[in-house]
Amino acid sequence: MDSPTEINFATLLFIGIGFMLLAGGLLVAFLIVYQKRLLRQQQQLHRAEAEYQQQLLSAVIEAQEIERERIGRDLHDGIGSTLATAKLLVGRLETLATGEAANLTITVKEILGNAVHDVRGLSHSLYPAVLDRFGLAEALQHLADVCNETNTLDVELTIDYQRPVALQQELALYRICQELIHNAQKHAQGATLLQVGLQQHSTGLQLRVEDNGCGFDVAALETTRATSGGAGLRSIEVRVQMLRARLSQQSAPGQGTRTLVEMETPAFA
Amino acid sequence: MAVIIGAGVSGLLRWRQLPGSLRYLAVLTLFELPLELLGFGLLLLKRNNLFLMPIYTVGELVLLGLLYKRNLHSVALTRALPWVLAAFTAYVVADSLAGPGLHWFRPGQQVLQSLLVLGMVALYFRKLLNELRVRSLEREPMFWVSTGLVIYFLGYLQIALFSNYLLSHYSSQFNINVWGIQVLLSIVLHSCYIMALWIRPQK
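Colleague: Tell me about the overall build of chain B, and please be specific about residues and values.
Modeller: Assigned secondary structure in chain B consists of eight helices and zero strands. Reading chain B from its N terminus to its C terminus gives the helix and strand order α-α-α-α-α-α-α-α. Taking all 203 residues of chain B together, the buried fraction comes to 31%. Contacts in chain B between residues at least 24 apart in sequence constitute 74% of all its contacts with a sequence separation of at least 6.

Following this line, the structure appears as structure tokens:
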């Protein structure tokens, strides 16, 4: 076989080498551009995460402040004024005749009884002792009972909860439920029934809170939340994140609101 | 030649400041320097210097392998590298002793070495994109080393492949022209080595 002429082979060889060098150059250029783009995306993601964490932190602090304000108001307006009244009446006991003093003592006892009741209510709202003693199912039942006694919105509770999760998780679920019930009582205009369900299955736990009230536009809420605060919902999100759970909310004007919190639990052995 | 001497001197001067992972690069430049000087001296004396190529090829691959092993932190590479290097060395020894002698090119050795080096560079580039730890590529020594190696070995691959064919079929002038390209590629590679040795790595 004859060798190709030098000029032809040289051309082919130089084109081949040139092509390979071009490919190498393009590879390096692509790497630089693509790496920079990935870095930009990563930085954007980090910024978004930091912003979200900042929002969550703000929500936690805001929720704490709101709670402190509420406790302070309850102490001042409720228990404080009740005790002040009792003190005033006890002061009058010294100047009264025996018969009147006996009647006044009964009144003071009633007032002090109310103060004790208020303290218990406040204490329960701060930390649900029933949760610690009897678990999540009993605590939710107690919460539903209190709501049914004090509010016009009926709370219907369905519980299928056989294997208790850790106390911290139960507390978070309880707080989420408390906040969702509070939201429904406050915002679900026209609602007559609030259904609360706690369902446990082989690998997870589902908390459902559903009302038949006025509902709302979910997309519109998302856009207004950033500016209008929404500390309650954000505190729910913080707890959902802490539980490594999923939060989903379905609602539409006139069709009520359904909120689901789903968390995975270790499979039952 | 000047750039190879420059790389060797850089390796020597920067030795103390270099992190452990880059000292293999300094060793590589210092390993290449006497071989290049010897090869150049033999060329001036019009003596065949191709017997140096197997030593150069094995030494270069071993040191580059160790350099990438220290920088990639890849379990698979760490496990495979001793076997690959041992197998390659055995092949180079066997290939050099067999056949027409040490005065001819060994395209098989060169092509295999090129492919192995390009493979390690590909692993480094993949890690670079996967982990995104490097913020500024121009301040990353291994990026310069890898870029130099990609350009050099992609260009050199075809020269190595046709080296014996060129030597036996074509004129000396044509051979000089082709090997001139190799010299240019070597200048690019060693410039990248110098860059990698002198830049201050980002923390």
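Colleague: I'd love a proper account of the overall build of chain A, names of residues and values included.
Modeller: Scanning chain A for helices and strands turns up seven helices and five strands. Moving toward the C terminus, one meets the helices and strands of chain A in the order α-α-α-α-β-α-β-β-α-α-β-β.

Colleague: Go over unusual backbone geometry, please, and point to the residues and values.
Modeller: Trans peptide bonds make up the majority, and among non-glycine residues the majority have a negative phi. Phi at R244 of chain A is positive, roughly 55°, even though this residue is not glycine. Tracing the backbone through its elements, the reader meets R244 of chain A in the loop between α7 (231–242) and β4 (246–251). Look at R244 of chain A and you get exposed, because 9 C-beta atoms sit within 10 Å. The phi dihedral of L132 of chain B falls on the positive side, at around 50°, and the residue is not glycine. If you trace the backbone, L132 of chain B turns up in the loop between α5 (107–131) and α6 (141–161).

Colleague: Now, about the interface of chain B and chain A: what can you tell me, with residues and values included?
Modeller: Taken residue by residue, the interface counts 21 residues in chain B and 19 residues in chain A. Looking at the side of chain B that touches chain A, the elements with two or more residues in it are α5, α6 and α8 (172–198) of chain B. Looking at the side of chain B that touches chain A, the element that brings in the most residues is α6 of chain B, giving eight residues. Its residues placed into classes, the side of chain B that touches chain A shows 15 nonpolar, five polar and one charged.

Colleague: Give me the environment of Q64 of chain A: which residues, what numbers.
Modeller: All names here are of chain A. Examined against the element boundaries, Q64 turns out to sit in helix α1 (residues 6–93). Residue Q64 is classed as exposed on the basis of its C-beta count, with 12 C-beta atoms lying within 10 Å. For the pair formed by Q64 and S235, sequence separation is 171 residues and the distance between their alpha carbons is 9.7 Å.

Colleague: Go over the sheet that holds β4 of chain A with me, naming the residues and quoting the values.
Modeller: All names here are of chain A. Reading across from one edge, β1-β2-β3-β5-β4 is the order of the five strands in this open sheet, with mixed pairing throughout. Bordering the open sheet on either side are β1 (154–160) and β4, each of which pairs with just one other strand. The average undirected angle you get between the axes of adjacent strands in this sheet is 10°. Bridge analysis of strand β2 (residues 193–201) against strand β3 (residues 204–211) gives eight bridges, and the strand direction is antiparallel. Across the sheet, the residue bridging to Q195 is E210, located in β3. Helix α4 (residues 136–150) rests against β1 and β2 of the sheet, and its axis sits at about 170° to β1. Together, β1, β2, β3 and β5 (257–264) form the strand contacts of helix α5 (residues 167–187), whose direction differs from that of β3 by roughly 10°.

Colleague: Provide a residue-level description of the nonpolar core, including the pertinent values.
Modeller: Grouped together as the largest cluster of nonpolar side chains are 41 residues, with contacts concentrated most on L25, V145, L149 and Y193 of chain B. Residue assignment for this core shows that the elements contributing at least two residues are α1 of chain A together with α1 (2–14), α2 (20–44), α3 (52–72), α5, α6 and α8 of chain B. Looking at this core, the element that brings in the most residues is α6 of chain B, giving 13 residues. In contact with V145 of chain B, not counting residues within four places along its chain, are L25, C192, Y193 and A196 of chain B.

Colleague: Help me get a handle on the packing of α2 of chain B against α3 of chain B, residues and values and all.
Modeller: Between two packed helices, what matters for the description is the angle formed by their axes and the separation of those axes. Residues and elements named next belong to chain B. Running from amino to carboxyl end, α2 crosses α3 at an angle of 170°, the nearest separation of the two axes being 8 Å. One way to sum up the angle between α2 and α3 is to call them roughly antiparallel. Each of G20, S21, Y24, L25, V27, L28, F31, L35, L38 and G39 in α2 lies in contact with α3, whose residues at this interface are L52, I55, Y56, G59, E60, L63, L64, L66, L67, R70 and N71. Tallied by class, residues from the contact of α2 with α3 come to 14 nonpolar, five polar and two charged.

Colleague: Give me the lowdown on the pairing of β1 of chain A, citing residues and values where you can.
Modeller: Residues and elements named next belong to chain A. Pairing analysis gives seven bridges linking β1 to β2, with the strands arranged parallel. Bridge pairing in β2 links L157 to V196. In this view, the connection linking β1 to its parallel neighbour β2 by way of α5 has left-handed handedness.

Colleague: Break down α2 of chain B for me, with residues and values.
Modeller: Residue and element names in this part refer to chain B. The terminal C-alpha atoms of α2, which comprises 25 residues, lie 37 Å apart, in line with the 36 Å expected from a rise of 1.5 Å per residue. For α2, the full list of buried residues reads L22, Y24, L25, A26, L28, T29, E32 and E36. Looking at the packing, one finds that the buried side of α2 touches α1, α3, α6 and α8. Directly after α2, the chain includes K46, whose backbone phi takes a positive value near 55°.

Colleague: Can you lay out the environment of T78 of chain B for me, pointing to particular residues and giving the numbers?
Modeller: Take T78 of chain B: it is sitting in helix α4 (residues 75–97). Measuring from C-alpha to C-alpha, the distance between T78 of chain B and L66 of chain B comes to 9.0 Å, with 12 residues separating the pair along the chain.

Colleague: Outline the packing of α6 of chain B against α8 of chain B, listing residues and values.
Modeller: Residues and elements named next belong to chain B. In contact at an axis separation of 8 Å, α6 and α8 are set at 170° when each is read in the N-to-C sense. Accordingly, the angle class assigned to the pair α6 and α8 is roughly antiparallel. Here P141, W144, V145, T147, G148, L149, I151, Y152, G155, Y156 and I159 of α6 lie close against α8, whose contacting residues are V178, I181, Q182, L185, S186, V188, L189, C192, Y193, M195 and A196. Here the contact of α6 with α8 is built from residues that sort into 17 nonpolar, five polar and no charged.

So, how was this worked out
- Residues numbered from 1 in each chain as written.
- Chains lettered and ligands numbered in written order.
- Predicted model: local features only at pLDDT ≥ 70, side-chain atom pairs only at ≥ 80, totals over all residues.
- Helix = DSSP H or I, 4+ residues; strand = E, 2+ residues; numbered from the N terminus.
- Buried ≥ 20, exposed ≤ 12 C-beta atoms within 10 Å, placed from the backbone.
- Contact = placed C-beta atoms within 7 Å.
- Nonpolar A, V, L, I, M, F, W, Y, C, P; charged D, E, K, R; others polar.
- Pairing = 2+ DSSP bridges.
- Axes fitted to C-alpha atoms, helices over the stretch in contact; angles between N-to-C directions.
- Core = buried A, V, L, I, M, F, W, Y, C linked by C-beta atoms within 7 Å.
- Parallel < 35°, antiparallel > 145°, perpendicular 65-115°, else oblique.
- Right-handed = clockwise from strand over helix to strand, strands pointing away.
- Expected span 1.5 Å × (residues − 1).

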